[in-house]
Amino acid sequence: MTKPITSAAIMILVDEGKLKLNDEVAKYLPKWKDPQVISKFNEADATFETRPAKRQITISHLLTHTSGIGYGFSSPMLTKIMQKTMQTEMDMPLLFDPGESWAYGPSTRVLGSVVEAISGQKLDAFLESRILQPLGMRDTSYLVPPTKYPRVVAVNTRSADGKLVEQPMPTTLAVTVAGDAGLYGTASDYSLFLRMLLNRGKLGNTRILSEKSVKTMFENHTDNVVVREQQSVNLSLSRNFPTGGGKDHWGLGFQLAAEQLPNRRTPGSGTWAGVFNTHFFI
C-alpha cells in the first residue's frame, strides 16, 4: 500500500503550492522530456518501433495511471522487450499517449522521485516526517528492525494447480525505497492513514492534507478512460487484476468504483487494487 501514501505526499506538495497537477513531469525530472510511444511491435523477435508522444506526461497522468508507463509483469509486450534489451521498466517507451488509456505501472515510482526533487529530501525521510510520524504510524517504514522480523507475515504465491504456497521468510528483509512499493506496515497503522482521508485530511488535531485536496483525490480525473483488466505475466502472483476492470475510473491515487458489486462496494467509493491486495473504503 505504498502507492496511496506516496500519492498523498504529492498532494501535500500541491497544498503547499510547490507543484500543480497539470505540471509536466519533465519540469522536475528532465528524463521524461519528450517521451516516445511504441508504435509497432513484432512478437516473433520482440523488435519494435516508436514515435514521439502526442503530449508530455503530467503529474495528473502519473496519479491516474494514464501516463503510458507500464509494468513488465502486467504487459507481455513489455516483458519481451525488456528480456531482449536487458533494460528496466523505467527505460521503456510508453504503451500509449499520455491521457489516452489506462495501464497499471510504475507511475507512482516516478511520483516518488518528484517528491525527492521538489522537497530535497529522500522519499523515506519525507514520508516519515510529513505523514507516518504525524499520524502515529509507528510500525510503518521501508526498513524493518530485526526485532520486528517475527511480526512480518510471509508472502503466499499460487502454484500451477491453484494452491497457495507460503514462501520461506528471508534471513534479512531487503530495503527498497520507492514511491510504488517497499513500505512494511500493519493494518492498524494503515487504518490511521485511511481515517485521515475519511476525516477530510485530518486525524485528531493533526492535519495532513487540506479538505480540498482530499475531495479532489476522490473525484473522477480520467473522464471516459476506464480501468482495463490486465493479465499478469507471472501467474503465481495474480490471474487478472484489478477488480472492476472495464468500468471503474481513477481519482488521484485511487481507483473509483463505478457500480455496486454484490456484498462489496458502493458507487463512488475509493479503492486501491494491487496485485497482493485490494482495500475498499470511503
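Residues numbered from 1 in each chain as written. Predicted model: local features only at pLDDT ≥ 70, side-chain atom pairs only at ≥ 80, totals over all residues. Heavy atoms only, no water.

**Q** Can you help me understand the overall build of the chain in this one?
**A** The helix and strand inventory of the chain stands at seven helices and twelve strands. Taking all 282 residues of the chain together, the buried fraction comes to 46%. As presented, the chain carries roughly 13800 Å² of accessible surface, and 51% of it is formed by carbon and sulfur atoms. (Helix = DSSP H or I, 4+ residues; strand = E, 2+ residues; numbered from the N terminus. Buried < 20%, exposed > 50% of the residue type's maximum accessible area, 1.4 Å probe, protein only. Areas by Shrake-Rupley, 256 points an atom, 1.4 Å probe, with all protein chains shown as cover.)

**Q** Explain the environment of leucine 127 to me, please; I cannot follow it from the model alone.
**A** When you line up the elements, leucine 127 lands in helix H5 (residues 123–135). Judged by its relative accessible area of 0%, leucine 127 falls in the buried class. Distance from leucine 127 to alanine 8, taken between C-alpha atoms, is 9.3 Å for residues 119 residues apart in sequence. Among residues more than four places away in sequence, those in contact with leucine 127 are Ile5, Ala9, Leu132, Tyr142 and Leu183. (Contact = heavy atoms within 4.5 Å.)

**Q** Looking at this structure, I do not really get the pattern of salt bridges. What am I missing?
**A** Oppositely charged side chains are able to pair whenever their charged atoms sit close together. Enumeration over the complete set of coordinates arrives at 13 salt bridges. Taking the shortest distance from any N to any O, the salt bridge between aspartate 97 and arginine 51 comes out at 2.6 Å. Residue aspartate 97 is located in the loop between helix H3 (76–85) and helix H4 (107–119), and its partner arginine 51 is located in strand E2 (residues 47–52); the two are separated by 46 residues in the primary sequence. For aspartate 97, a relative accessible area of 3% gives the class buried. Three or more residues joined by partner-sharing salt bridges are found here, namely Glu16, Lys18 and Arg130. (Salt bridge = Lys/Arg side-chain N within 4 Å of Asp/Glu carboxyl O.)

**Q** I tried to follow the nonpolar core on my own but got confused; where do I start?
**A** Generally speaking, nonpolar side chains in soluble globular proteins are found buried as a group. Grouped together as the largest cluster of nonpolar side chains are 49 residues, with contacts concentrated most on Ile5, Val25, Leu127, Ile131, Phe193 and Leu209. Contributions of two or more residues to this core are made by helix H1 (2–15), helix H2 (59–63), H4, H5, helix H6 (187–198) and helix H7 (211–217). Membership of the second largest hydrophobic core comes to eight residues, among which are Leu78, Met82, Met92 and Phe96. (Core = buried A, V, L, I, M, F, W, Y, C linked by side-chain atoms within 4.5 Å.)

**Q** For this particular structure, what's the right way to read the pairing of strand E1 (residues 36–42)?
**A** Along any regular strand the residues' side chains alternate between the sheet's two faces. Note that E1 and E2 share six bridges and pair antiparallel. Pairing of glutamine 36 across the sheet is with proline 52, part of E2. (Pairing = 2+ DSSP bridges.)

**Q** Just checking my understanding: could you explain the environment of serine 159 for this structure?
**A** Counting through the fold element by element, serine 159 comes out in the loop between strand E3 (156–158) and strand E4 (164–166). Among the residues examined, serine 159 registers a relative accessible area of 23% and is labelled partly exposed. At 2.3 Å, the side chain of serine 159 and the side chain of aspartate 161 are in polar contact. (Polar contact = N/O pair within 3.5 Å; in protein donor to acceptor, adjacent residues only side chain to side chain.)

**Q** Which parts of the structure should I look at to understand the packing of aromatic side chains?
**A** Aromatic rings in a pair are described by how distant their centres are and how their planes are angled relative to each other. For the coordinates displayed, the defined rule picks out six aromatic pairs. We note lysine 31 situated over the ring of tryptophan 32; from NZ or CZ to the ring centre the distance is 5.1 Å. (Phe/Tyr/Trp six-rings, centres within 6.5 Å; stacked < 30°, edge-to-face > 60°. Lys NZ or Arg CZ within 6 Å of the ring centre and 35° of its normal.)

**Q** Quick question: what am I supposed to make of the environment of lysine 3 here?
**A** In this structure, lysine 3 sits in helix H1. Between the alpha carbons of lysine 3 and glycine 112 there is a distance of 9.0 Å; along the sequence they are 109 residues apart.

**Q** For this particular structure, what's the right way to read the confidence of the model for the chain?
**A** As a general rule, the predicted coordinates of low-pLDDT regions are not to be interpreted in detail. Residues of the chain with pLDDT of at least 70 account for 89%, and the chain-wide mean is 89. This model gives residues 273–282 a pLDDT under 50, and the stretch forms 36 contacts once residues within four places in sequence are excluded. (pLDDT = per-residue confidence, 0-100.)

**Q** Help me understand the packing of H1 against H4 in this model?
**A** The angle between the axes and the distance between the axes are what describe a pair of packed helices. Taken N-terminus to C-terminus, the directions of H1 and H4 make an angle of 40°; their axes are 9 Å apart at the nearest point. The crossing of H1 and H4 is left-handed. Facing Lys3, Thr6, Ser7, Ala9, Ile10 and Leu13 of H1, the residues of H4 in contact are Thr108, Leu111, Gly112, Val114, Val115 and Ile118. Considering only residue class, the contact of H1 with H4 consists of seven nonpolar, four polar and one charged. (Axes fitted to C-alpha atoms, helices over the stretch in contact; angles between N-to-C directions. Left-handed = near helix turned anticlockwise from the far one by under 90°. Nonpolar A, V, L, I, M, F, W, Y, C, P; charged D, E, K, R; others polar.)

**Q** What exactly am I supposed to notice about H1 here?
**A** Because an α-helix completes one turn every 3.6 residues, residues spaced three or four positions apart along the sequence face the same direction. In this model, H1 (14 residues) spans 20 Å end to end at C-alpha, consistent with the 20 Å of a helix rising 1.5 Å per residue. The buried count for H1 comes to twelve of 14 residues, which makes it a mostly enclosed element. Just past H1, the residue glycine 17 takes up positive phi, approximately 75°. (Expected span 1.5 Å × (residues − 1).)

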